[in-house]
Amino acid sequence: MKKSKILIIFGVIFVLGLIVYFPGRKAARSHVNYITAVDDHPLSCTSCHVYTSQNKWVSKMVNEDYYSPFNMVVSNDGSRLYVIAQDINELMVVDTENENVLNKINVGVHPHSVILNKSGKIAYVSNEWSDNVSVIDLVSSKVIDTLKTGNGPAGLALSSNEQFLYVVNVFGSDLSVIDLSTKEEIKRLTTGNNPTGTALSPDGKVLYVTSRRANMVPYGEPLISDLTIINDSTKTVAKYLGIESAYMMENVAFTPSGDLAMTTLIRPKNLITSIQVERGWMMNHGIAIIEQKEEGRVVQLLLDEPNAYYSDPFDIVISPDGKKAFVSSSGVDYISVISIDSIRTILAESSPKMLKSFSNNLGISSRFVIKRISTGANPKGLTLSPDGKRLYVAEQLEDKIAVINTESLETIGSINLGGPLRITVARQGRRLFNNAGHTFQNQYACYTCHPDNHEDGLVYNMAGKDMGRNVTNTQSLREIGGTAPFKWNGKNQSVYKQDGMRFSAILTRTEPFNHDDLDALVAYIVTGIKHPPNLMYNPDGELTESQIRGKEIYNRSVDNLGIAIPENNRCITCHPPPLYTDLKMADVSTLSDTDDPILFDTPHLHNIFSSAPYLHDGRAETLEEIWTIYGEDDKHGHVNDLTKMQLNDLIDYLKSLRSPLYDDDKSEVQHGTYIKSN
Amino acid sequence: MENKGLRKYSKIVAIAVIILVAASFGFKITGEHSLDSNSNPIIEKSKAENNDTSIEKTFDINNVLNEKSSMPIYGNWRNFTSKNGLPGDKAYCVRIDGERVLVGTHEGLAVYENEKWRTYTTKDGLAHNGVLAIDVSEQTGDVWLGTMGGLTRWSTGKFENFTQMNSGMPNDLIYSVICDGKKVWVATGGGAGQYDTHTKRWEIFTEQNAPMHEPWTYGVCSGDGKIFIAAWGGGVVEYTKKTKQFRDYIDPDGNMEIDLFPDDGVVHDITTGVSWADDYLWVATYFGLSRYDGVHWKGYFDHDSGLASNFINFVKAEGSVAFMCTDKGLSSTDGNNWITYTKNDTNKNGKAIITEGTKKTELAMTPSISHNFVIGVDVKDDVIWVATSKGVSRGELLK
Amino acid sequence: MHKKRSNTVFLIIMTISFSVVFFLSCKESSNEGMIVFTQVEGDIQKINYITGNSWRYIPNSRIVALNSNKSGEKIKVLTEDYFSACSPDISYDGKFMLFAAQKKQNDIWQIWEMNLENLKIRQITSSSEDCFNPSYLPGKRMVFSKFTTIDNVKEGYALFTSNLDGSEINQITFNPHAYFASTVLQDGRILTISRQLFPEQKDGMFMVMRPDGTKQELFYKGLKGSEIHSRGWETNDGKVFFIETDNKDKEGGDIISVNYNRPLHSRVNLSSGIEGDFYAVSPIQAGSLLVSYRSSDNDRYALYEFDEVNKTLGKVIYKDENYNILEAVVIKKKERPRKLPSDLNMSVNTGLLLCQDINFTDVQSVEDTSSISKAVRIEVMGIDTSLGIVDVEKDGSFYLKVLADTPFRIQTISEDGQVVNGPGSWIYLRPNERRGCVGCHEDHEQVPYNRQPLSVRKEPIILPKQLNKVHKEKDS
């Protein structure tokens, strides 16, 4: 009797279980199929609902605080390595002999670069997300001063007399000149677009500043990125050296004799229909060599090979004997070792026509690249020991520093900085994001078109159909988690679909990500990419008078004449906070003859100031142009009644929009990922 | 009031007659002389008979200006037109920039360096070929060009254009531009604008948010922690940088073409230029010149001073001296003494008329400035450059 | 009582499962390291590089297995029931073997697959034409050569792909060429020997293409008059090994290696100093190769190790006085190549071709000022007829929509009607394939300039002209 009761209870539970299980599983399947746009993705709830969760506790559980070494410098005696740990906002002091971390010094948010003064006693660290530079006394390992800079301080250099500090402002696209005696910025010089790297010539006469974005031009016009050359004595721009068909010049270095300057670069093929990857039809990676003499030539040479690409060259350093240059090919985990004498031979032997042709030749690298040394995940900053015998490589996504013997060109050590040993799903996703291994022949990584997880400011002809049609402006990947659907035509309902099958057929042209990798990539994109603070236009959430007036215009329902604006033509309707998108499709009458008839996915507006050019095909170089030139028909918001002053106010307000993350005091930013407070 | 007006006009007629007579003599003498002259000023005694005793004529630089006078006198004029290097004859503005001279013409920017002219136009990246105003940033060395079609930043060969379409700039018609530290100010046909080169942000000032009669602004200058804007019909608009407050200085007589009460304020509400130096604000109008010392205003007219004409296109103060570009020549003054440079209508020669109190002296200039309709001027050290409606002139300090 | 029973049941189940796992793993490991090779008794017949006879398919051949781990153990014939069997190819998991065979003399050659664990064989193709040189493709498919007629007038050996059950057979090459000896590179592309047959015969060269037949391009070209004799084998360290001969009367040749990264300019002859010749090569492990070698023409080819680093012949692995040993391969797991996606659309009957500049000159000839007059138009030539003459844009670019799976060649023509260049080599586009080239006289290492071709700012020019009509009708 008792037994039978138990049996009945179990029976009922079992039956109930079955009743719930089958339809439940069916529902889950159709849900997963919809999200992933395939029918074979494993039914794993955790991949979406845990790893992409922004819940504080869940996120803390599944993520880790990695160090992510970025740039570094060696002490004059070679015994210490000062490493920027970008994700934990610290400068790490490493003992190069015992290969251990001696000290960690807190600096500002998202530090970028570190340099030492000649005596080696003072370090300067640029804090990209704090708009300042930390001055550190290396004897006491204390921050002794903080110098205010422009927007997004990155590359650093001292003037030849060490009385001035040059700070490259990556977001402001300018260079702050700081008088170290008064600690005041005395001037700000306009540089190329989105600059980072800088170096002073050995004779101390000129400072080179690289730029990563090309100068803004209408689609179809040649791409030119500026190297800004600054006169150290007058502290004025001596020249903007236009580097043709190139961008993403991350860093620059001089030979010890000063006869050559060399910068890393990428040569994108955005003006050519992206119909194939074979034969370097999408991205090429290389260096520019700038002769430092009267009428000196500017020569570009590719680091790539016909069937192997060395994507995302980041740093470049030159050995003290001037014989070798080392480039970190960060997208393929290699150091490319360059023979500078071979480059001199190429320069001496070749006519201008030949040199021009070399800039597009995949075979030339075999004449000057003497070795490719493999490294850990995502090699970024490089630095050489004072005697030039050791090369240190910051393996950003490995939390390690590789040590390479510059004579044998073999890796002789690896300094573990002590980051978390566990590789989380999001961390794996970040590795995938930064690695070109998932593109045919490693030609480009996600990072290549989305530097800093943002966008490269270019317009591409992705050729979903035919050729020459449907050119599209690269979109930022920062905090896009809640902004589905994706792509300008809104055809992708999830990041899963965005990076799925069609992505591999049209873009990477190699095997699609497997399910685990896709889960990881999505987890990183959805949770790991946050906006920098909007320190230029909205540092503290307090709007200026003009921004407040602009906000009223943004929210208005009647125009200047008191006539009601149709609801679907108000800013606030399609771009409502907090995301500033209604996640719907819209016609803003910007379709061109070469576009297929589509509605546009309403983009979010966070940090919109940093996403020029604007509109789906990047036709608007500034926010103003959206309405002054392309908004005449009042279809993209009712604006034609606005005075110029009102339009300025509106744009001031738009520029103030920033991630809700920074508006919410309780929210906290976790390194490598971000979480919202509950 | 009528009597006052009549007196004013009778004075004008009298002076005009004197000047005409003098001019005819001057022309006769220099005209005769020019037949065998080279381009250097001739210093020699006049052979001419002169019945008019009120104006002393001389060819001797030592005979002019008493020792105490702070007034510089320029000569050795060299003129440039489209025939010898300028892209066009009509020059709107001139700016001395170290070793080179920048000239804004109707056909583009002309740069004079190492005795050679080079022209930059829209083909090179200029916003518009009509360059109306030029300033150079002391901080960055960038050249800012106000054109008829936008503002151009010219930085060592790179042109960047700001227009009302692609930026927050008020209007594309730019009459005046100045660099004030990290800020750049423009006076435009649609109000004044302030651009912060650090934040890349524009601020616009029009009749809506500043005491202007209308958004038409002609000139802007900086001094004493303030920005002064010459606003058409609005007199002078003063902006205090610290407080961000505006105030205006208008003609107490309103828009009347005559100055009822002397020195009661700016001589007219229709102002065409402002310049600040040595604690003086100089204001150009089409109806005379004003000077403001922060407390008192003083007016100057062609009938009661050495001013060539009340119709002043532009004013530029350098140290204690102001240079006025008028439709009848270039005048300069330290507030007491005057020197006016004119050109004869019929030949390239002309004269400098030196007015010290009631004493007038004429110094023959062979040649003189390029044209009497003067639009722009700049002075640095011992050199003066003058932009006219027919070419530009380069003069050297004689004394 | 119950408890006891349940325990014993549990124990039994565990023992069974463990033993199953154990035996399975033994079975699995049993083939590891084993070598399979093709054997031919007596002298090798004169090989024919055009038809592939006794070269790519070898009459009276057999596939045998040799367990190199247990020396002395007799070899095992794997294809007893076949008159001829050759070209073994091992699956990526090391468990299966594809091969070409004919049951009886004069039978059609078909493709078969053997389960190396139980040696069971199943027929994959049932073709009315000879099929041979099979190679595994990622995604449970294979690629093989099959006799076919091209454009109904020319004959040759085209490449086909199919599922491993023989279904979904697709032809992927359409040139008047013979395609032999395919393997699959790690990047997922097919590496194959291709020889133009029409209008004149040319030397064989290595071509690569995606498994759907798109983006076919030159991989390696031997010295003039030389023949690529064996299939190419890619190793994990980025090298591709094969046999090349400059003496067509000889059966064998030298061991050549090229780097995958730059195959056209990295040729190294590994056996230049060694007497005798080599018939085939395949990798054993890093630095060590498996070669079939004979010291003189009177000798039989035997199985040797070869030290790739020191370029020296190693120890003999297997030798038989009566048999020549050809095409040896080690049975082992290997990394599966990338499975490349395809954007073919079989419902579309055309492909798109973009050329950036027909007057583009390669690095070597940029200095050549004596270059003939500039070309202003192109003629697109089919097998027998001209498909049309097209003016190119000012920048030298053209943008064509051509009939898919139809071979054509292009020659460039000057203003005065003279042929400037070409006709070039045969090209075909797969349905919906979009392909680009830098120029007609193309340097294979040159990437395009980042310049939007004028031609793509317009609709493509449709060739042959009659297609135009078809498309217009479709549109209407």
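Throughout this description, residue numbers start from 1 for each chain and increase along the sequence as written. All chains are assigned letters beginning at A, and all ligands numbers beginning at 1, according to the order in which they are written. Selection of residues for local features in this predicted model requires a pLDDT of at least 70, selection of side-chain atom pairs for listing and counting requires 80 or more, and totals for whole chains, interfaces and linings are taken over all residues. The side-chain quantities take in all heavy atoms of the structure and omit both hydrogens and water.

All names here are of chain A. Taken in spatial order, the four strands make up an open sheet running β17-β18-β19-β20, and their pairing is antiparallel. The open sheet has two edge strands, β17 (252–254) and β20 (298–302), and neither has a second partner. Across the sheet, the mean angle separating the axes of adjacent strands is 25° when strand polarity is ignored. Pairing of strand β18 (residues 260–268) with strand β19 (residues 283–291), which is carried by nine bridges, proceeds in the antiparallel orientation. Bridge assignment links Arg267 to a residue of β19, and that residue is Asn284. Strand contacts of helix α4 (residues 340–349): β18, β19 and β20, with the helix running at about 80° to β18, the strand carrying the most contacts. Only when DSSP finds a minimum of two bridges between them are two strands counted as paired. Note on conventions: DSSP H or I runs of at least 4 residues are helices, E runs of at least 2 residues are strands, and numbering of each starts at the N terminus. Structural elements are reduced to axes, namely lines fitted to C-alpha atoms, with helices fitted over the stretch in contact, and the angle between N-to-C directions of any two is expressed from 0 to 180 degrees. A contact between two residues is defined here by any heavy atoms of the two lying within 4.5 Å.

Let us look at the confidence of the model for chain B. Values of pLDDT, ranging from 0 to 100, describe the predictor's confidence in every residue of the model. With 82% of its residues at a pLDDT of 70 or more, chain B has an overall mean of 86. Residue range residues 1–53 of chain B is modelled with pLDDT below 50. Its contacts to residues more than four positions away, or to other chains, number 58 contacts.

Next up on the list: a nonpolar patch on the surface. All names here are of chain A. A surface patch of nonpolar side chains, about 1000 Å² in accessible area, is lined by Ile8, Val12, Phe14, Val15, Leu16, Leu18, Ile19, Val20, Tyr21 and Phe22. Its place among the elements puts Leu16 in helix α1 (residues 2–36). The buried label applies to any residue whose accessible area, calculated with a 1.4 Å probe on protein chains only, is under 20% of its type's maximum; exposed applies above 50%, and partly exposed to all values in between. Using a relative accessible area of 47% as the deciding quantity, one classes Leu16 as partly exposed. Residues forming no salt bridge and having over 30% relative accessible area are the ones grouped into patches, like charges within 9 Å of each other and nonpolar side chains (Val, Leu, Ile, Met, Phe, Trp, Tyr) within 5 Å. In short, Shrake-Rupley with a 1.4 Å probe defines the accessible areas, and a residue's cover is counted only from the protein chains shown. Put simply, a salt bridge is a Lys or Arg side-chain nitrogen that is within 4 Å of an Asp or Glu carboxyl oxygen.

Here we come to the interface of chain A and chain B. The interface is formed by 31 residues belonging to chain A together with 25 residues belonging to chain B. Two parts placed together each lose some accessible area under a 1.4 Å probe, and adding up what both lose gives the buried area. A buried area of about 2100 Å², summed over both sides, lies between chain A and chain B, and 49% of it is on carbon and sulfur atoms. On the chain A side of the contact with chain B, Arg188, Lys644 and Met645 of chain A bury the most area, a combined 26% of that side's loss. The interface formed by chain A and chain B contains three salt bridges. We note a salt bridge from Asp174 of chain A to Lys200 of chain B, for which the minimum N-O separation is 2.5 Å. By the criterion applied in these results, polar contacts are pairs of N or O atoms within 3.5 Å in which, for protein atoms, one can donate a hydrogen and the other can accept it, and in which residues neighboring in sequence qualify only through two side-chain atoms. Taken together, chain A and chain B are joined by 15 residue pairs in polar contact (both at pLDDT 80 or more). Listed by contribution, the elements that provide at least two residues to the side of chain A that touches chain B are β12 (184–190), β16 (236–244), α13 (623–628) and α14 (644–656) of chain A. With six residues, β12 of chain A is the largest single contributor of residues to the side of chain A that touches chain B. Just so you know the grouping, Ala, Val, Leu, Ile, Met, Phe, Trp, Tyr, Cys and Pro go in nonpolar, Asp, Glu, Lys and Arg go in charged, and all remaining residues, Gly too, go in polar. The class makeup of the residues in the side of chain A that touches chain B is nine nonpolar, 10 polar and 12 charged.

Here we come to the interface of chain A and chain C. Contact residues are listed per partner, giving 50 residues for chain A and 43 residues for chain C. Together, the buried faces of chain A and chain C total about 4200 Å²; carbon and sulfur atoms form 49% of this surface. Considering only the side of chain A, the residues that lose the most area to chain C are Arg279, Met467 and Glu511 of chain A, jointly responsible for 18% of the buried surface there. Remark: the boundary between chain A and chain C carries four salt bridges. Across the salt bridge formed by Arg509 of chain A and Asp343 of chain C, the nearest N and O atoms sit 3.7 Å from each other. Where chain A packs against chain C, one counts 25 residue pairs in polar contact (both at pLDDT 80 or more). Elements supplying a minimum of two residues to the side of chain A that touches chain C: α5 (352–358) and α9 (501–508) of chain A. In terms of residue count, α5 of chain A provides more of the side of chain A that touches chain C than any other element does, five residues in total. Broken down by class, the residue content of the side of chain A that touches chain C amounts to 20 nonpolar, 20 polar and 10 charged.

Only Phe, Tyr and Trp rings take part, Trp by its six-membered ring, and two of them pair if their centres are within 6.5 Å. Stacked means planes under 30 degrees apart, edge-to-face means over 60, and tilted covers everything else. Taken as a whole, this structure holds 65 aromatic pairs over all chains when the rule is applied. Look at Tyr239 of chain B and Phe246 of chain B: their rings are 4.8 Å apart centre to centre, the planes differ by 50°, and that puts the pair in the tilted class. Side by side, Tyr239 of chain B and Phe246 of chain B carry an identical accessibility label, which is buried. Taking the centre distance of 5.4 Å and the plane angle of 75° together, the rings of Trp55 of chain C and Phe180 of chain C count as edge-to-face. Of this pair, Trp55 of chain C sits in the loop between β1 (34–41) and β2 (61–67) while Phe180 of chain C is found in strand β12 (residues 177–184), placing the two residues 125 residues apart along the sequence. When sorted by exposure, Trp55 of chain C lands in the same class as Phe180 of chain C, which is buried. Taken together through their ring pairs, the aromatic side chains of Tyr49, Trp55, Tyr57, Trp109, Phe132, Phe147, Tyr157 and Phe180 of chain C make up a single cluster. Over the face of the ring belonging to Phe160 of chain C we find Lys146 of chain C, whose NZ or CZ atom lies 4.7 Å from the ring centre. Distance and angle both matter: a charge sits over a ring if NZ of Lys or CZ of Arg is within 6 Å of the ring centre and within 35 degrees of the ring normal.

What follows deals with the pattern of salt bridges. One pass over the structure, following the stated rule, counts 64 salt bridges over all chains. Of the charged contacts, one joins Asp135 of chain B and Arg95 of chain B as a salt bridge, the two residues approaching to 2.8 Å between their closest N and O atoms. Here Asp135 of chain B is found in strand β7 (residues 131–136), whereas its partner Arg95 of chain B is found in strand β3 (residues 91–97), with 40 residues between them in sequence. Residue Asp135 of chain B is classed as buried on the basis of its relative accessible area, which comes to 11%. Between Arg153 of chain B and Asp142 of chain B there is a salt bridge, with the nearest N and O atoms lying 3.5 Å from each other. Taken together, the positions of Arg153 of chain B in strand β9 (residues 150–155) and Asp142 of chain B in the loop between β7 and β8 (143–147) put the pair 11 residues apart, joining distant regions of the chain. A relative accessible area of 4% means that Asp142 of chain B is categorised as buried. A single network of salt bridges, built from pairs that share partners, joins Asp259, Lys323, Asp341 and Arg344 of chain A.

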